[in-house]
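Below, each chain spelled out in residue letters.
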Amino acid sequence: MTFRVALNVNGEAHSAEVEPRRLLVQLLREDLSLTGTHVGCDTSQCGACTVLMDGAAVKSCTVLAAQADGASVTTIEGMATNGELHPLQQGFWEKHGLQCGFCTPGMIMAAADLLSRNADPTDADIRHAIEGNYCRCTGYQNIVAAIREAARIGSAAPAGAEA
Amino acid sequence: MAIASPLGTPVKRTEDPRLITGAGSYLDDIKLPGMTHAVILRSPYAHAKITSIDTSRAAAMPGVLAVFTGKDAEGELNPLPCAWAAGGASGGEVGGVTNNLNTPRVLAVDDVKWTGEGVAVVIAETPEQAVDARDMIDVNWEPLPVVVDTEGATADGAPQLHENAPNNVAFTWAIGDADGTAAAIDGAEVVVRQRIVNQRLIPNPIDMRGAIGRWDAGSDEYTIWMTSQTPHIMRLLIAAFVMGVPEHKIRVISPDIGGAFGTKIFCYPEWTLVAWASKKLGGRPVKWYETRTENYQATTHGRDHVSYLEVGATKEGEVTGLRVKTYANMGGRLSTIGPGIPTTLYGRVLGGPYKIPNVHCEVIGTYTNTVFVDAYRGAGRPEATYLLERAMDLVADETGVDPAEVRRRNFLANDVFPYRNPSGLLRSWNGAEVEIDSGNYGPALERALEMVGYADLDKRRAEAEKRGRRLGVGLSTYIEMCGVAPSKWIGLVGEGWGAAMWESANIRVHLTGKTVLTIGTQSHGQGHETTYAQIVADQLGMAMDDILVEHSDTSGTPFGYGTYGSRSGAVGGMAAVRAAEKIKEKAKRLAAHMLEANPEDMEFVDGTARVKGSPDKSKTIAELALAAHVGYDLPAGMEPYLDETAYYDTPNCTWPFGTHIAVVEVDPETGHVQLVQYVAVDDVGKKINPLIVDGQIHGGIVQGIGQALWEGAVYDDEGQLLSGSMMDYAVPRASWLPELELDETVTPS
């Protein structure tokens, strides 16, 4: 048995035929080849798969593809516009907010959710907002600095190419 | 016009644009035409005989292409090699070390030694089909008694894992002056003793392990993409030991790798399995990428020592003798370099930054029904530092001398370097010796004490008491053996590491002036593409944008020993410098020819080769690259092209050091520990890129904090991994941590 799922991803309409057990992250990575969204665990702990769904951060390993029918999804690939990096991407580059880079897309999407709600977060706000995202390389120090920098650059606007 | 050297500056990383836009290519992102998917059936028992396996129902499932068991591979693939047999050559008794080498097979054949050991593999068109079919494999098991505790495994009556390892002892190893240490402790004014557990850890890179194997029918060649820190070593081991195919018939590629922390050094079963299976399938690529649960069960763990510490000291707190006996858990079978970690990288640095005249260390490597243990973040050296720092604190407690003062009184003085440990800790069994070349430990300690406000901590303690909290202060000074390592010291003739440990670099300056550095190390978060470009830019006076750093593909890079042991900057970086020096030498000879000057009169400055004293008589590196490429007018005997390779064998390890201080508040009612301040003063010499080095320090600190406060791998008595998922294993989270405070002192090697 399969479902037809239609959704908007990074401003483009897509549809796919999916098994009931297919996860949103599998739809993104395997059907749409958007491999910037990563999978780092099987218990929804690591947050590497975080994307924005209708503007809110979700762990796409914990959303069935069928649940995303009709939704608008933003992934890391949708953050830069016309070749210009999103303030969060600039912040992560500027402040060395990544080492191996594997957690980075999820971190950036979780931070985008935060900044859409709170344009001037404290460090405690930032640390709380990325509590669901593991990083094993940076000790989080420069990730916090990167998100602070992104807020400074002035990204209060909702992130990405939302339709 | 000269380009400012980027050496020593916080250059933004060149690898970041692809990683912050989702354009990186990690193992799980790779799709190949016709690719199939492998899923492994793993043992639910920690110790059991396999009496039979029936794969017929699985093989009949939709989409299934093949099901293989250990028996299918047994005649074709050898057991995996152990490449570092603790102080001597593999398989023998050398230097007082007995090695009973029990290593894993690609799939277990007769028995399993831990929960999660692989016993069969299903290959199907989709991962989902492979998972469904795996669950249809029928195995008859005969469970056996289990032991998971490293010390308990050696006790009388403990379950036995291997017939050739009585009492589950994989090896015994000892270093230092046994008699002198015994006399020092027996005659000491103060003696303290403690049993110390360095708990088992799960390393947790966020990108797990994976591999894709592809056999090419036309050439009979294998390509294996794998999450490996050591692609060249893997090719060598798989070719020479596991598959028995010529080395040049295998190509290993490491794609972007999302962290490793040691776990991706090793020769794992799945690396060979996917390549072997691809040939069985006529060349269709076979992909395997583990789940997090598999990562916890089947990728190496770290630490897991039980140690008995005895310290002799004077009443003034000067340590006169240190004796250690350690039970080091190796797991159910030996990983690639497991025995090297609690021996060479542990016992040999037990003197630390201190002038302890008598040290003796005995290590018993044990087999238990747990997954194999191998290098993890610091690998042996943090375990040694932990024991030493416990020793200093115990002496402080016993003598009443302040813990910082105990460290001061025991530090090596500045005038002892290069320092040879009197107990012979740094002498290989063949007599080769490394020295601690440099150090200046006092200033780092004093700076850290100043930053944390050590003199005023009593006030903070009193203030915390008013809030019902207790304030605790932890102090650690350390040295670490980095930049591993001189080949004759660490190699087979010395410490027993399987081959050598030099590093390679090749530089080609193309006709257009664009330059490619290929190097034998492997970057998985350390920013090599940036750091090496800084080095080459500095050497050749070029813009960093004109330099491309290539690594991690055995086709197209010279053989190299990979990345671990804090060796890439110190050893790989020097290989890059040596290759650049050869380029400059050739450039000067060519420029002398073009300028009709004497080659001896040339110098290379700011990207130009010029006549000393006549800076207007010069040729830029770009002009020389063009002239060397076209080769119309070269000096007699000179080959075209600026293309030079260097192999650099380091004369010594490097010996960074520092002091870290942690301040915690404890809620006596709940036991909750809140880390409120962390100060770190590290001396790593001159930083090539402070941004990258400080980032490495942050990450290392938080992994250390994780072990101190939260992390621990726990097996129950049946060998079931209780900390079996990220829900059960406490990887540190951002909200649990304070802002770390860093500073440095700078002491050149």
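Attention in this report is confined to the structure presented alongside it. Everything numeric in this text was worked out from a predicted model, so none of it was measured.

## Focus on the packing of helix α14 (residues 528–540) of chain B against helix α15 (residues 568–594) of chain B
All names here are of chain B.
- Two elements in contact, α14 and α15, have axes whose closest approach is 10 Å; the angle formed by their N-to-C orientations is 35°. Where α14 crosses over α15, the two elements pack in a sense that is right-handed. Of α15, the residues touching α14 (which contributes His528, Thr531, Tyr532, Ile535, Val536, Gln539 and Leu540) are Ser568, Gly569, Gly573, Ala576, Val577, Ala580 and Ile583.
- Residues that form the contact of α14 with α15 fall into these classes: eight nonpolar, six polar and no charged.

## Remarks on helix α3 (residues 104–117) of chain A
- Along its 14 residues, α3 of chain A runs 20 Å from first to last C-alpha, staying within 8% of the 20 Å computed at 1.5 Å per residue.
- In this structure, the buried residues of α3 of chain A make contact with β3 (50–53), β4 (56–59), α2 (87–94), α4 (123–129) and α5 (141–153) of chain A together with α1 (16–20) of chain B.

## Quick word on the interface of chain A and chain B
- With 42 residues of chain A at the interface, the matching set in chain B holds 42 residues.
- If you list the elements that add at least two residues to the side of chain A that touches chain B, you get α2, α3, α4 and α5 of chain A.
- Among the elements that make up the side of chain A that touches chain B, the one with the highest residue count is α2 of chain A (four residues).
- Split into classes, the residues belonging to the side of chain A that touches chain B amount to 19 nonpolar, 16 polar and seven charged.

## Focus on the environment of glutamine 129 of chain B
Residues and elements named next belong to chain B.
- Secondary-structure assignment places glutamine 129 in helix α4 (residues 127–134).
- Of the residues examined, glutamine 129 has 20 C-beta atoms within 10 Å and is grouped as buried.
- For the pair glutamine 129 and methionine 61, spaced 68 residues apart in sequence, the C-alpha separation works out to 7.7 Å.
- Ignoring any residue separated from it by four or fewer positions in sequence, one finds glutamine 129 in contact with Met61, Pro62, Gly63, Val64 and Ala124.

## Let's talk about the packing of helix α6 (residues 231–243) of chain B against helix α7 (residues 269–280) of chain B
All names here are of chain B.
- Where α6 contacts α7, the axes come no closer than 11 Å and their chain directions differ by 70°. Relative to α7, the element α6 is oriented roughly perpendicular. The handedness of the crossing between α6 and α7 is right-handed. Contacts from Met234, Ile238, Val242 and Met243 of α6 reach α7 at Trp271, Thr272 and Trp276.
- Considering only residue class, the contact of α6 with α7 consists of six nonpolar, one polar and no charged.

## A look at the pairing of strand β28 (residues 741–744) of chain B
Residue and element names in this part refer to chain B.
- Covered by surrounding structure in β28 are Leu742 and Glu744 only, the residues Glu741 and Asp743 on the alternate face being uncovered.
- Where strand β27 (residues 673–683) and β28 come together, four bridges link them in parallel fashion. Bridging across to β28, alanine 680 finds its partner in leucine 742.

## As for unusual backbone geometry
Residue and element names in this part refer to chain B.
- That bond from phenylalanine 417 to proline 418 is cis: its omega, -5°, falls within 30 degrees of zero.
- Take proline 418: it is sitting in the loop between α10 (403–410) and α11 (441–452).
- Even without glycine at this site, arginine 303 takes up a positive phi of about 65°.
- With respect to the secondary-structure elements, arginine 303 resides in strand β15 (residues 302–313).
- Of note, the phi angle at aspartate 606 is positive, near 50°, even though the residue is not glycine.
- Assignment of secondary structure puts aspartate 606 in the loop between β22 (602–605) and β23 (608–611).
- For aspartate 606, a count of 16 C-beta atoms within 10 Å gives the class partly exposed.

## Digging into helix α12 (residues 457–466) of chain B
- With respect to burial, α12 of chain B is a largely exposed element, only zero of its ten residues being buried.
- Positive backbone phi, approximately 80°, marks glycine 468 of chain B, located one or two places after α12 of chain B.

Rules of the game
Residues numbered from 1 in each chain as written. Chains lettered and ligands numbered in written order. Predicted model: local features only at pLDDT ≥ 70, side-chain atom pairs only at ≥ 80, totals over all residues. Axes fitted to C-alpha atoms, helices over the stretch in contact; angles between N-to-C directions. Helix = DSSP H or I, 4+ residues; strand = E, 2+ residues; numbered from the N terminus. Left-handed = near helix turned anticlockwise from the far one by under 90°. Contact = placed C-beta atoms within 7 Å. Nonpolar A, V, L, I, M, F, W, Y, C, P; charged D, E, K, R; others polar. Expected span 1.5 Å × (residues − 1). Buried ≥ 20, exposed ≤ 12 C-beta atoms within 10 Å, placed from the backbone. Parallel < 35°, antiparallel > 145°, perpendicular 65-115°, else oblique. Pairing = 2+ DSSP bridges.

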